Amino acid sequence: VLGAAALGLAGATLGLGFGSAFAQDKIKLRLSSPATPTDQRAVSLTEVFGPAVAGFADFEPHWNASLFKQGTELEAIARGNLEMSIASAQELATIFPEWSIFAAGYLHRDAEHQKKVFAADFMDDMKKKVEDELGVKLLTVMYLGRRQLNLRVDKEIKTPADMAGIKLRMPGTDAWQFLGSALGANPVPIAFTEIYTALQTGAVDGQDNPLPSTKDSKFYEVTKQIVLTSHLVDLNYLAFSKKVWDELTPEQQATVQKAADDAAELGRQRQLKLEGELEQFFKDQGLKVYTPDVDAFRTQVQKAYLESDISKSWPEGMVDKINAL
Ligand code: KDO
């Protein structure tokens, strides 16, 4: 038998426990996400998170929803079939309705506000419930960006009234569909990976995503205009299996936590930079890019939430606490 000693790989020389000198003893951290590998959240996780945990874990990301379909990842983690995902508040809201508060249009102001909200004391009970009841630990908040309307129709959009009859692709959960209706459109549920074809074939009249995603997934090739509604300052949570977390040593937990925060910060800075640069890119591609009557959109969207059953699931006083941060 060709032992480790024969190869000159005594564990002690590596400063590790004997067994842990071998890759197969590392923890496997599979992440599944519909994000493309060139999305800044993906790039920063690959460049920062993976190397930072490499001493004890193999980070194995699967992009383009190649391991699990969009929206099924949290359940996969809960069942022990997956270790990580880039979860949305809308996905959490399918299980814990109160999370729809973070899916509401015109609530978060910007990337810094998202960070403050995620770190606030009033989040503790909500996070703990997700850990205890779903077995998912939310490590950090990731910035996706300001969602803008991106349409294949020419019609100028000034107010929500102009959205009447527009088939707007939105992701497939109630919280997303509600936002589409609140914007005045007819929302159509379609997975992220199917958007390009849906736009190309005319199955929908438009989609909404932050500018970096619209560039990255080349939606500009099959659309004519971008309407800068900034209707949702969108976020994701880096979700981690609580079972795996509990098996880590305190040092490893600290390493994972720091790696997650560092990756999120780098992704946030890169995404913000791209958002600032991309307007010109789309104009150069021949798209119209303009700002509508944002106050009209904000007023209609906020009113829709406050008058709906959705807001009844929100913890008492939380909107005020969020606004006060
Ligand atoms: C989308 O499906 O439009 C969306 O932007 C929703 C987000 O929550 C996020 O999951 C994102 O897709 C994917 O990561 C792909 O970028």
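So, how was this worked out
In this numbering scheme, every chain counts its residues from 1 along its sequence in written order. Given that the model is predicted, a residue must reach a pLDDT of at least 70 before its local features are reported, and side-chain atom pairs must reach 80 or more before they are shown or counted; all residues, however, enter totals for whole chains, interfaces and linings. For the side-chain quantities, the full set of heavy atoms in the structure was used; hydrogens and water were omitted. Only the contacting stretch of a helix is used when fitting its axis, a line to C-alpha atoms as for every element, and angles between N-to-C directions run 0 to 180 degrees. What counts as a helix is a DSSP run of H or I of at least four residues, what counts as a strand is a run of E of at least two, and both are numbered from the N terminus. When describing relative orientation, an angle under 35 degrees is termed roughly parallel and one over 145 degrees roughly antiparallel, while 65 to 115 degrees is termed roughly perpendicular and anything else oblique. Definitions for this section: a left-handed crossing has its near helix turned counterclockwise from the far helix by less than a right angle. A right-handed crossing has that turn clockwise. Residue contacts follow a heavy-atom distance rule, with two residues in contact if any of their heavy atoms lie within 4.5 Å. Three classes are used: nonpolar for Ala, Val, Leu, Ile, Met, Phe, Trp, Tyr, Cys and Pro, charged for Asp, Glu, Lys and Arg, and polar for all others, with Gly counted as polar. Being near a molecule or strand, for a residue, means having at least one of its heavy atoms within 4 Å of it. Polar contact is defined as a pair of N or O atoms within 3.5 Å, subject to the rule that within protein one atom must be able to donate a hydrogen and the other to accept it, and that residues adjacent in sequence are counted only when both atoms are side-chain atoms. To measure how exposed things are, a 1.4 Å probe is used in the Shrake-Rupley method; for residues, cover is taken only from the protein chains shown. Here the term buried applies to any residue with accessible area under 20% of the maximum for its type, exposed to any over 50%, and partly exposed to those in between, with areas from a 1.4 Å probe on protein chains only.

Enquirer: Hey, could you run me through the packing of helix 2 (residues 40-53) against helix 11 (residues 250-284) in this one?
Expert: The description of two helices packed together rests on the angle between their axes and the distance between the axes. It is the contact of helix 2 with helix 11, at a shortest axis distance of 8 Å, that shows an interaxial angle of 155°. By the angle between their directions, the pair helix 2 and helix 11 is classed as roughly antiparallel. The interaxial crossing formed by helix 2 with helix 11 has right-handed handedness. Contacts between helix 2 and helix 11 involve Gln40, Val43, Ser44, Leu45, Glu47, Val48, Phe49, Ala52 and Val53 on the former and, on the latter, Thr255, Val256, Ala259, Ala260, Asp262, Ala263, Leu266, Gly267, Arg270, Gln271 and Leu274. Looking at side-chain class alone, the contact of helix 2 with helix 11 contains 12 nonpolar, five polar and three charged residues.

Enquirer: I tried to follow the site of the ligand on my own but got confused; where do I start?
Expert: Taken together, 15 residues form the shell around the ligand, and within it Arg41, Gln70, Arg147, Arg169 and Asn209 come nearest. Between the ligand and Arg147, the relevant distance is 2.8 Å, taken from an oxygen atom to a side-chain nitrogen or oxygen of the residue. In the environment of the ligand, an oxygen atom lies 3.4 Å from a nitrogen or oxygen atom belonging to the side chain of Asn236. When isolated, the ligand has an accessible area of 370 Å², and the protein chains bury 99% of it. Counted by class, the shell around the ligand contains six nonpolar, five polar and four charged residues.

Enquirer: I keep staring at the side chain of Glu131 and nothing clicks. Help me out?
Expert: You can see Glu131 is positioned in helix 6 (residues 124-134). The residues touching Glu131, leaving out its near neighbours within four places in the chain, are Val136, Lys137 and Lys242.

Enquirer: Which parts of the structure should I look at to understand the environment of Val256?
Expert: Mapped onto the fold, Val256 is located in helix 11. Residue Val256 is classed as buried on the basis of its relative accessible area of 0%. For the pair Val256 and Ala57, spaced 199 residues apart in sequence, the C-alpha to C-alpha distance is 9.5 Å. Here Val256 is in contact with Phe49, Val53, Phe56, Leu139, Phe240, Trp245 and Leu248, once residues within four sequence places are set aside.

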